[in-house]
Amino acid sequence: MDELIKNLKKEIIEALNLEDVKAEDIDTEAPLFNEGLGLDSIDALELIVLIEKKHGIKIQSADEGKQILYSVKTIAEFIIKNKK
Amino acid sequence: MEKVYFVADNIISSLGFTTSENIDAIENRKSGINLICDNSLSQHPFFASKINNNILEKEFLKLSDSISYTKFEKVCIVSISKALNKINFAYKTSDTLFILSTTKGNIDLLNPLCCPTIPRDRAFLWKSAEIIKEYFHFYNSPVVISNACISGVVAIVTGSRLIEQGLYKNVIICGADILSEFVISGFQSFMALSPQICKPFDLNRNGLNLGEGCGTIILSNKPKKENNIIYCAGAITNDANHISGPSRTAEGLFLAINKAIKQSNTSLNENNCFISAHGTATPYNDEMEAIAFERIKINNFPTVGLKGYFGHTLGAAGVIESIAAINSLKSNKIHSTLGFEEHGVSIPVNIVTKTTKKENEFCIKVASGFGGCNATAIFQKI
Amino acid sequence: MNNNLIISKSCKITNNTIIVNDKLLFENNNVPYNVFIKNAYKKYINNYPKFFKMDNLSKLGIIAVELLSDEFKSIDGKEIGVVLVNSASSLDADQTFQKTIVKDNYFPSPSVFVYTLPNIVIGEICIKHKIYGESSFFVSQNFDSTFIYNIVCDLFSRQGINTAIVGWLDFIDNDYLASLCIIKKISQQNLNYNEMINFTIENLNKTINKDI
């Protein structure tokens, strides 16, 4: 789980062009949207692509995505639960 | 200041190749949106409106037997030809301007497997516009407007302002966009497409349908004998809020409609004016429009959304929908908002639900697009 | 032409150089565009992380407009217009997006797709500087000074604009040129501008098309 979370943070930084943000700076349990990193709707959609591309899991709707993308932790839990 | 008259037009869409074919379909509440199964456009079937390629080829062959035009260019050439057949003034002179409104033009050329005989530089919008200009022997360099989904309304506003200033006598506006894997993929990545025929302003709306279409409008400083519609006023604004989501307070659209109404110097009310909405049927767009209408206190004006017939035709939308609005003013009929069943925005709005005999003097046409842009044009029957 | 309009400032960005009012302000030779433009960002903005999500064209536009922003900082955003022209539309971002939809590696990127329209750079400029006024993006082979002059004059005389950001902004195949200027309405009494450049077709042409 720790390894996954560490890599996930790096993937997020790269996919979302978060310049000057280091993996260590991202709080695993903090909300990604509205506070924390302050990501927006396009970032959410890009994270959905990231999860499909790097982890092979397809999120079907933006609503489904909302719950999963709450924090790095919830994303990691989702990936572990759904990975084939 | 010169008056600007709408003297001829044409619509090409899945509903037909003439304005009257399209208007007939709208009056009969017939949608041009269907389930499209085409691997060259999308891996999965999707709802969209598509122009009949066979008929397009037949229509184009009446004009030229050259194989060196793309589908996008053929659609524009056929549409402009049909509109030009309805006027009798010289248009190859310096006092006529050609404006092309498109978001992506020949974007399918970015795929090397597509149209191998067409030079890749036709992906440049100005190059494609030049090809169309050369076909008709227009005098002036074409103007290309590419402002996302408001391009069509911007073209009408821009063309009208140029005639008002006396810089041109006539302006030929052609708005067009074709379906492409490029655009479909993009909207799919936005999760913006509805898995059914779209439902503008409806409670259960869940996204837009894309559409293929072309609209041509010819503007002139000289009126027709009768049944004249003029450009009354217009405005273009920006939300200054977000590049893909509309302002939650509808700031840009509010400013645009407000400005246009002030500029029109007319008294508009629910008995003499209707609204031709943008109505893409995404949760956010339609809500934003309703908020704008309420802020200006025009939300009780009869409101028509046509994307249930055409889908969202992007660069063509503003032109096609304006042609329908102008037709409404001329024929004293308001069209219905296909797909709307149950009120679904937070503001009361007056959505027209069946083709209705109604005399109106004015129409407010609105559009909003990516980049936070908004545009309004007001048309008047005189 | 006595229309009380002047060209108050100009900015040109090309070949890894930034020139404002004909003075070289910044250069960063022998580095790729993305390094050059990042260094320009660090020097002139440095507090706008959204910059790094932008495509090449938008980054170019944001930097160029930043260098002109003193001219309109105190103006009501509703009265500022933006008129931009280029030849490549958004083809640079289009090519990037096309790479995300190849058959064997089909993962269309929404953050790239959002930039596949040329007017998005206008959106970015308007968001950063709270500009609500008239804006349009035209695509043509060259900058047509006569046409743009007429469009801009109308914005000032009849569309309620009193300051405009105008010019050429193009990016294709790592070749780029931003050539923008600020047009302002001045009152008769305003004598602060020592070298006033009247807004005429000829002067607009000289400002935008010089050295191209």
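Novice: Teacher, can you tell me more about the overall build of chain A here?
Specialist: A count of helical and extended segments in chain A gives 4 helices and 0 strands. The order of helices and strands in chain A, counted from the N terminus, is α-α-α-α. Its C-alpha atoms give chain A a radius of gyration of 12 Å, near enough to 12 Å, the size a compact globule of 84 residues would have. Taken along its principal axes, the extent of the C-alpha atoms in chain A is 35 × 25 × 20 Å. Looking at chain A as a whole, 30% of its 84 residues are labelled buried.

Novice: Help me understand the overall build of chain B, please; the structure alone is not making it clear to me.
Specialist: Looking only at helices and strands, chain B features 10 helices and 16 strands. The globule rule puts the C-alpha radius of gyration for 382 residues at 21 Å, and the 19 Å found for chain B is close to it. With respect to the three principal axes, the spread of C-alpha positions in chain B is 55 × 50 × 40 Å. Evaluated residue by residue, chain B yields a buried proportion of 64% over its 382 residues.

Novice: Would you mind going over the packing of helix α3 (residues 71-84) of chain B against helix α4 (residues 125-136) of chain B with me for this structure?
Specialist: The geometry of a pair of packed helices is captured by two quantities: the angle between their axes and the separation between those axes. All names here are of chain B. Look at α3 against α4: their axes get within 10 Å of each other, and the N-to-C directions meet at 35°. Considering only the axes of α3 and α4, their crossing is right-handed. On α4, the residues that touch F72, E73, C76, I77 and I80 of α3 are S128, I131, I132, Y135 and F136. Its residues assigned to classes, the contact of α3 with α4 comprises 8 nonpolar, 1 polar and 1 charged.

Novice: What am I meant to see in the interface of chain B and chain C here?
Specialist: A common way to report how large an interface is uses the accessible area buried once the components associate. Chain B puts 41 residues into the contact, and the matching count from chain C is 43 residues. Sorting the residues of the side of chain B that touches chain C by element identifies α4, β5 (143-145), α5 (151-164), α6 (181-189), β9 (229-238) and α7 (251-264) of chain B as the ones contributing at least two each. Considering each element in turn, the side of chain B that touches chain C owes the most residues, 6 residues, to α6(B). Considering only residue class, the side of chain B that touches chain C consists of 20 nonpolar, 17 polar and 4 charged.

Novice: Would you explain unusual backbone geometry in this entry?
Specialist: Glycine aside, the phi torsion of most residues is negative, and most peptide linkages are trans. Its identity is not glycine, yet N227(B) carries a phi of approximately 60°, on the positive side. Residue position: N227(B) is located in the loop between β8 (213-220) and β9. Of note, the phi angle at N30(C) is positive, near 60°, even though the residue is not glycine. Summarising the element assignment, N30(C) is placed in the loop between β3 (23-27) and α1 (33-44).

Novice: Help me out: how do you make sense of the nonpolar core in this one?
Specialist: Where a protein is soluble and globular, its nonpolar side chains tend to be buried together. Judged by nonpolar contacts, the single largest core of 231 residues is most densely connected at I173(B), A375(B), F379(B), L60(C), A64(C), V152(C) and L180(C). Formed jointly, this core draws a minimum of three residues from each of two domains, domain 1 (5-220) and domain 2 (229-381) of chain B. In contact with V152(C), other than residues within four places in its own chain, are V83(C), A164(C), V166(C) and I183(C).

Novice: Explain the confidence of the model for chain B to me, please; I cannot follow it from the model alone.
Specialist: Fine structural detail should not be taken from predicted coordinates in areas where pLDDT scores are low. Confidence along chain B averages 97 in pLDDT terms, with 100% of residues attaining 70 or more. Predicted as a complex, the structure gets a pTM of 0.98 and an ipTM equal to 0.98.

Novice: Sorry if this is basic, but what is going on with the pairing of strand β8 (residues 163-172) of chain C here?
Specialist: As a general feature of sheets, a regular strand has side chains that alternate between the two faces. Residues and elements named next belong to chain C. Taking burial as the measure, the 10 residues of β8 include 9 buried ones, the bulk of the element. Relative to strand β9 (residues 175-185), β8 runs antiparallel, the two sharing 10 bridges. Its bridge partner being in β9, F171 is matched across the sheet by Y176. Between β8 and β9, which follow one another and run antiparallel, lie 2 residues, and D173 among them has a positive phi close to 50°.

Novice: How do you make sense of the sheet that holds strand β3 (residues 46-49) of chain B when you look at a structure like this?
Specialist: Strand pairing in a sheet is mediated by backbone hydrogen bonds. Such pairs are either parallel or antiparallel. Residue and element names in this part refer to chain B. In space, the 3 strands of this open sheet follow the order β2-β3-β7, with mixed pairing throughout. Here the strands that pair on one side only, and so sit at the sheet edges, are β2 (33-36) and β7 (210-211). Pairing geometry for β2 and β3, over 4 bridges, is antiparallel. By the bridge assignment, I36 is partnered in β3 with F46.

Novice: Quick question: what am I supposed to make of the pairing of strand β4 (residues 80-86) of chain C here?
Specialist: Residues and elements named next belong to chain C. Where burial is concerned, most of β4 is hidden: 7 out of the 7 residues are buried. Going residue by residue along β4, you find I80, V82, L84 and N86 tucked away on one face and G81, V83 and V85 tucked away on the opposite face as well. Judged from the 6 bridges that link them, β4 and β8 form a sheet pairing that is parallel. Bridged to V85 within β8 is W168. Looking at chain direction, β4 and strand β7 (residues 135-139) are connected through 5 bridges and run parallel. Residue L84 lies in a different strand from β7, and its bridge partner there is F137.

Novice: Honestly, the domain arrangement of chain B in this entry has me stumped. Any pointers?
Specialist: Residue and element names in this part refer to chain B. In terms of domain boundaries, chain B breaks down into domain 1 (5-220) and domain 2 (229-381). Taking the mean C-alpha position of each, domain 1 and domain 2 sit 20 Å from one another. Every contact between the two is made by 57 residues of domain 1 and, on the other side, 57 residues of domain 2. Sort the elements by how many residues they give to the side of domain 1 that touches domain 2 and α5 lands first, with 8 residues. For the side of domain 1 that touches domain 2, a count of residues per class yields 29 nonpolar, 20 polar and 8 charged.

Novice: Could you clarify how one ought to interpret helix α7 (residues 201-209) of chain C in this entry?
Specialist: For an α-helix, 3.6 residues make a turn, and residues three or four places apart therefore share a direction. Every buried residue belonging to α7(C) is among L204(C), T207(C) and I208(C), and all of these are buried. Viewed end-on, α7(C) has its buried residues packed into an arc of 85°, placing them on one side of the element.

Novice: Which parts of the structure should I look at to understand the environment of E134(B)?
Specialist: You can see E134(B) is positioned in helix α4. C-alpha separation for the pair E134(B) and F301(B), spaced 167 residues apart in sequence, amounts to 43 Å.

Novice: Please explain helix α4 (residues 72-82) of chain A as it appears in this structure.
Specialist: Residues and elements named next belong to chain A. Residues of α4 that are buried include every one of V72, I75, A76 and F78, and no others. Buried residues of α4, seen end-on, are gathered within an arc of 160° and therefore sit on one face of the element. Exposed residues pointing more than 90 degrees away from the buried face of α4 are listed as I80 and K81.

Novice: I would appreciate a short explanation of the environment of D202(B) in the present structure.
Specialist: By the element assignment, D202(B) lies in the loop between α6 and β7. Look past the residues within four positions of D202(B) in its chain and what remains in contact with it is G339(B), F340(B), E341(B), E342(B) and G344(B).

Novice: Would you mind showing me how to read the environment of L203(B) here?
Specialist: Residue and element names in this part refer to chain B. Looking at the secondary structure, you find L203 in the loop between α6 and β7. L203 sits 141 residues away from G344 along the chain, and the two C-alpha atoms are 3.4 Å apart. Leave out the neighbours within four places in its chain, and L203 touches E342, H343 and G344.

Novice: Any chance you could explain the packing of α1(C) against helix α2 (residues 56-66) of chain C here in plain terms?
Specialist: Residues and elements named next belong to chain C. At a minimum axis separation of 10 Å, α1 and α2 run at an interaxial angle of 35°. Our pair here, α1 against α2, has a crossing hand that is left-handed. In this structure, α1 contributes Y33, I37, A40, Y41 and Y44 to the contact, and α2 contributes N56, K59, L60, I63 and E66. Here the residues of the contact of α1 with α2 are counted per class, giving 7 nonpolar, 1 polar and 2 charged.

Conventions we followed
Residues numbered from 1 in each chain as written. Chains lettered and ligands numbered in written order. Predicted model: local features only at pLDDT ≥ 70, side-chain atom pairs only at ≥ 80, totals over all residues. Helix = DSSP H or I, 4+ residues; strand = E, 2+ residues; numbered from the N terminus. Rg over C-alpha atoms; globule rule 2.2 N^0.38 Å. Buried ≥ 20, exposed ≤ 12 C-beta atoms within 10 Å, placed from the backbone. Axes fitted to C-alpha atoms, helices over the stretch in contact; angles between N-to-C directions. Left-handed = near helix turned anticlockwise from the far one by under 90°. Contact = placed C-beta atoms within 7 Å. Nonpolar A, V, L, I, M, F, W, Y, C, P; charged D, E, K, R; others polar. Core = buried A, V, L, I, M, F, W, Y, C linked by C-beta atoms within 7 Å. Domains from an automatic or database assignment. pLDDT = per-residue confidence, 0-100. Pairing = 2+ DSSP bridges. Arc of directions from axis to C-beta.

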